[in-house]
Structures are given as structure tokens and as C-alpha cells.
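Residue-level structural notes
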Amino acid sequence: MSESKPTSRPVWSGAISFGLISIPIRLYTAIREKRLHFRTLHDQDKMPLKQKMICPAHPTKEVSAEHMVKGYEIEKDRFVVVKPAELDAVAPKGGKAIEIQDFVELAQIDPLFFDKPYHVVPKAEGAKPFKLLLAVMQQTQRVAIAKVVLWGRENLAALRPLDDGMVLETMHFSDEVVPAQSVPGHEVNAKLDSREMKMALSLVDSLTADFDPSRYHDDYREKVLELIHKKAEGQEIVTRATTEEDAPKSGHDLVAALEASLAQAKGAAKSNGRANGRPAVHSARSARVAPHHRRRSA
Amino acid sequence: MSAAPASAVTIEGREVRFTNLDKVLYPAAGFTKGEVIDYYRKIAPVLLPHLKGHALTLKRYPNGVDQPFFYEKRCPVHRPDWVKTASVWSDTNNENIDFCVAADAATLAWMANLASLEIHPLLSRADKPDRPTAMVFDFDPGPPAGALDCVQAALKMHEILDHLGLQSFAKTSGGKGIHLWIPLNTPVTFAQTKQFSHGVALLMERQSPAEITSNMSKSARGGKVFIDWSQNDSHKTTAAVYSLRARETPSVSTPISWDEMRLAAKKKDPARLVFTPAQALARVKKLGDLFEPVLKLKQKLPKFDAGHIHVG
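One structure accompanies this document, and this report is about it. These numbers come from a predicted model, not from an experiment.

Cut-off values and rules
- Residues numbered from 1 in each chain as written.
- Chains lettered and ligands numbered in written order.
- Predicted model: local features only at pLDDT ≥ 70, side-chain atom pairs only at ≥ 80, totals over all residues.
- Helix = DSSP H or I, 4+ residues; strand = E, 2+ residues; numbered from the N terminus.
- Buried ≥ 20, exposed ≤ 12 C-beta atoms within 10 Å, placed from the backbone.
- Contact = placed C-beta atoms within 7 Å.
- Core = buried A, V, L, I, M, F, W, Y, C linked by C-beta atoms within 7 Å.
- Pairing = 2+ DSSP bridges.
- Axes fitted to C-alpha atoms, helices over the stretch in contact; angles between N-to-C directions.

1. Some remarks on the overall build of chain B
Scanning chain B from N- to C-terminus turns up eight helices and 19 strands. Burial status across chain B gives 49% buried among its 312 residues. Contacts spanning at least 24 positions in sequence make up 70% of the contacts within chain B whose residues lie at least 6 apart.

2. Here's the deal with the nonpolar core
Counting residues in hydrophobic clusters, the biggest one holds 95 residues, and the most contacted among them are A154 and I227 of chain B. Of all the elements, helix 1 (residues 33-51) of chain B adds the most residues to this core, at nine residues.

3. What to know about the sheet that holds strand 9 (residues 165-171) of chain A
Residues and elements named next belong to chain A. If you walk around this closed barrel you meet the seven strands as 1-2-6-9-8-7-5, and the pairing is mixed. Pairwise comparison of adjacent strand axes, ignoring direction, gives a mean angle of 40° for this sheet. The pairing of strand 8 (residues 153-162) with strand 9 spans seven bridges and is antiparallel. Within strand 9, the position partnered with L159 by the bridge is L168.

4. Considerations on the pairing of strand 14 (residues 225-228) of chain B
Residues and elements named next belong to chain B. Alternating residues of strand 14 divide into V225 and I227 and F226 and D228, and every residue in both groups is buried. Pairing of strand 10 (residues 134-141) with strand 14, which is carried by four bridges, proceeds in the antiparallel orientation. Directly across from D138, in strand 14, lies its bridge partner D228. Here strand 13 (residues 212-213) pairs with strand 14 via two bridges, running parallel.

5. Quick word on the pairing of strand 8 of chain A
It is a general feature of regular strands that their side chains alternate between the two faces of the sheet. All names here are of chain A. Bridge count between strand 7 (residues 142-150) and strand 8: seven bridges; the pairing is antiparallel. In the sheet register, I145 faces strand 8, and the bridge partner there is A158. Here strand 7 hands over to strand 8 after two residues, with W151 in that stretch at a positive phi of 50°. As consecutive antiparallel partners, strand 8 and strand 9 are separated by two residues, and within that stretch D163 has a phi angle of approximately 50°, a positive value.

Here's what the structure looks like:
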């Protein structure tokens, strides 16, 4: 009876530019992270804690937004202050296009480079060229490397077929990758003998399987959730204290007050059976409303 | 499209053109568009006061209840010039759009001719779009829970609201559900009705966690009555009292007294909660408009401050 509910929504809309062809597409989130989030509460009144911006030079006063500026720390304690307008001036002017640069073999891209995947879906008018691009990638076993501006940031990205659809993977630029050689202790000096190697190989053989991601679960998250649900079922739910100034925002804030009010009303009805108890109130109301009901005939 | 000739009828001085009157809109019952129009013309005297000034969304079933339907917010441009409209902000369209307003029986008949089986008004009047005239709850059973479970839950809420000094009125959904209306007709905001209705639904869920849920997700609803409080929102519509519903057979969202609800619960007879258009019309003739107080009764939501409810 209410309006239809929104389903999964596109997070971005633009076009793949591929030679002279432009393919209008939409991006949808391909990964929904299921991280647990906890609020930090004050132990005494269960009020969620707030962070305040404080200047250590004037610790008693909160700094308001109009007195905050962005500073780039050029060396310890020395800053270059940059204004938002200055950043805007050099921001990438994304023409809402995913511009294909090259086609490469997927195996040549180390998984290290991949950042975030999105499902790519053509708009109605892009169906045919989309299908064409997908088909050539499938047939040539190549993936497209593209540049795209997403939400004000320039990204490297790979477009690749997945099942019968297409995925855009945002990628890290090469200068973001930390070379393994730069990590201390990277070089390991140890000699392997052939007997140990053989044993290890047979162990790997015995553990070899097809990759089935559904076999692995976030056990810790599941255990924490179970703990939370158990505590919630046992009514181990704490409600934060209310402050004078904050008007209640959600129905949750009301429940305890409603409960208390009803308990009070019931108690009063039991002890004196007067008009504030339910039965008395009810019949008095029925009498008041009844004439309305019967007056009209259509 | 069949080539049946259009016929014009004059209703209260307005000429309404009807098409395809023999078209069956409820195939299981053989109920035709002509019968839909006839129902809305006859129910008009009690229905119109409830629609007065409210922007309407039409729920149209051009090829009958078992074929695709669509919601129409924008009042069709090919409307007769006497059909009133109201310009109301639409969040989904991100602009003001002209909704139909049913000011007279001719408009109801014209809407029925568009196969607009269901009438869904906004809860506020167009001149005060931020002020709901009532607070509503929709009791919707998740199978195997059924109509009688809804009645039990609605009776319980009636009692709670009574404690809080609020009168409430029930109507059938036309299916297995119950709609509860709390007339306000006083200055109040959707933020207030939404918060209050959510609180009441949560309270009921906490009191009867095995039978009641306030959670919209389908998985939480199995075997429980879902109390939908979320319709208390400036851009959501809810089925009007006396609206036909697009079920398999024609039924009417019909006001029902609390005594009748208790009797249905006692007799365990869900059939007492379903009314055909003919039955709904007969009830109005006999009982008048059981929803009339919804139009006039002025009520204020209890005040809430610093964790306490102030009733009355």
C-alpha cells in the first residue's frame, strides 16, 4: 500500500569511451562490506561520545568549522595552507567517461593492483556496443585498461568480463605500490634441501582443492554478532540517558517512556478503578463517539 | 483496445465520458469497470469528505487486477478541465507535480474510468503539506499469521493508545490486514507522528516479540504481524477509507467498530473482516460513516520530554 521500495541503486553513471564508440553505462557496487561497527559510549549513562575539535593552544574552546583550514605538512611542524578553491582549480575535470587506453592480458596484472570492483550495466541505448565490447574481450581473453574520474578522483581501472557481465575494477597507480624490496627483511637467506622440498610438495598436493569462496566465513564477526543477539534477547539492552536539550529523534527513544506511562496507568486503574483506568475510559469514549456513528445515513 | 463506443454521463452537471464499461477488471469475480464506476458513484457521499484537499496517487490497473499496475502521481494531462489538482513537492521526482484532488463525484467516476481501482491520498492536505491530519498504522500478517492475528494486535494497540488518551479507528485493508487511524487534526509534524508511531510499534514488538515485528524486512516477518508505522511520512500515501482494493475479488477498505473486531476475534471468523462493494454500501446505509470522527476529532500526541510521557 505504500510506494514501491527502491532496490539496488547505481552509484555512478557515465560512458565507456572505446575508440569512436561511446557506451552509456551505470556502475553498481559489487562488494558490500560487512564490518561490525561499535559506538563508543560513556560507561555511566551510555551516551554515545562525541569528538570535539580542540586547539591545544586554547584547550577550553571548541574550534568552529569556519576557523578550520587545510594544511599540507611539508616538513615537521611546517605547513602549506591550501584553500578549497585552489584545490577545485586543479581537480580532474572528469567528462564522465571511462577512457579505454589499452587491452592487456588479465594474468599480467598482479592482484595487488586491484582496489574496488563495480558491476557495469549498459543503459538501454548502450546495449549493443556494450555486448560487442564484452564479446571481444571474451574472445581475445583481454581486459581493458582505462582512466576514469570517479567522485573527483582520477582512477586507473580495468574493465573485465565476469560471468556474462562486466566488472570495473579500480586500480592503484604504480607509484602507490610499495616495492617488496623496500620492506626490511625481504631477502631471506636459507638453503633448501630436496627432501624437505619433496615433503612440502606432497603436503600441498594433499591440500589442493578448487577455490570455493563460500567455504570460508568471517568466524569472528559471526561470533560477535551471536554474542550481541544473545545479549539483546536477554534484554541486556541499555538505553542512553536523555539530555534536557535533545528532543527525541527516533522511536527507540520513546519506548521506555511509553512503557513507564502504561505501567503507571495500569497501576492507577488497579488501585482506585477510576476514570484513568482503561475500561472506564473506554466506555466513556464509546458513548461520546457513538452519536457521530449513527447520525448519518448515505 | 475494443471499439466499444464511449458514453457520456452527466454527474452533478459535469459531463464524464466512459469507455469500455464491460471490461472485466476483476476476472475471478467477473466484476467490470462499469461496476467499479457504479461503486465509486454510490460511495461518493461518505468518501469525498475524507479526500477533501488531499493530493491523490492513482493506482491504475488498465487490464485488470491480475495484470501489471502503475502508480500515477501526476494527474493525467488529458483530464477534463473541471478536475481539481494540487501542486505538491515530490521527492522522487524532485519537483512540484500536480496531483489529482477528488472534489466531487464526477472526479471519482472519471478516475474509476481510468481503471484507478485504488485511491491513495497523502496523509496531509495540499495546503499544509507538512501537517498530517492523522497518524496511521498498517497491520500486515506474515504467513502463516493471518487476519485474526492482525485483529489481536490491533486490539492491543487500541488499548495502549487508549491509555495514552488517544482514540483510534480501524478499517479493514481489504485483504488480510487492518489499518488503524488516529485522527489528529491539530498542528503536528510528520517527524512527530513518525517518531511516535515507531515508538508504539517498537513497544508492541517488545511486549510480544513472538507475534509482532516493527521491522519491514521480509525475513523478520515470517509468522508475525508486521506493524508498518513508516507510512507516517510526508511523501507516502496510504489506501483511503472506502477505496476498492485490487485483490483477486473486489473488496473495500471498510471501517469496522472495535466491538465488531472483538466479535471477529472471539468467533475466530476472519470472514467478518472482508467486505464486498455491495456490503460496504449496505453498511454505510445502516451505520453511517464509522470513520466520520477521523475527519473532525482533534487530538494531540502526548508530550515527551526528558524521558517522560505527559498524557492529556
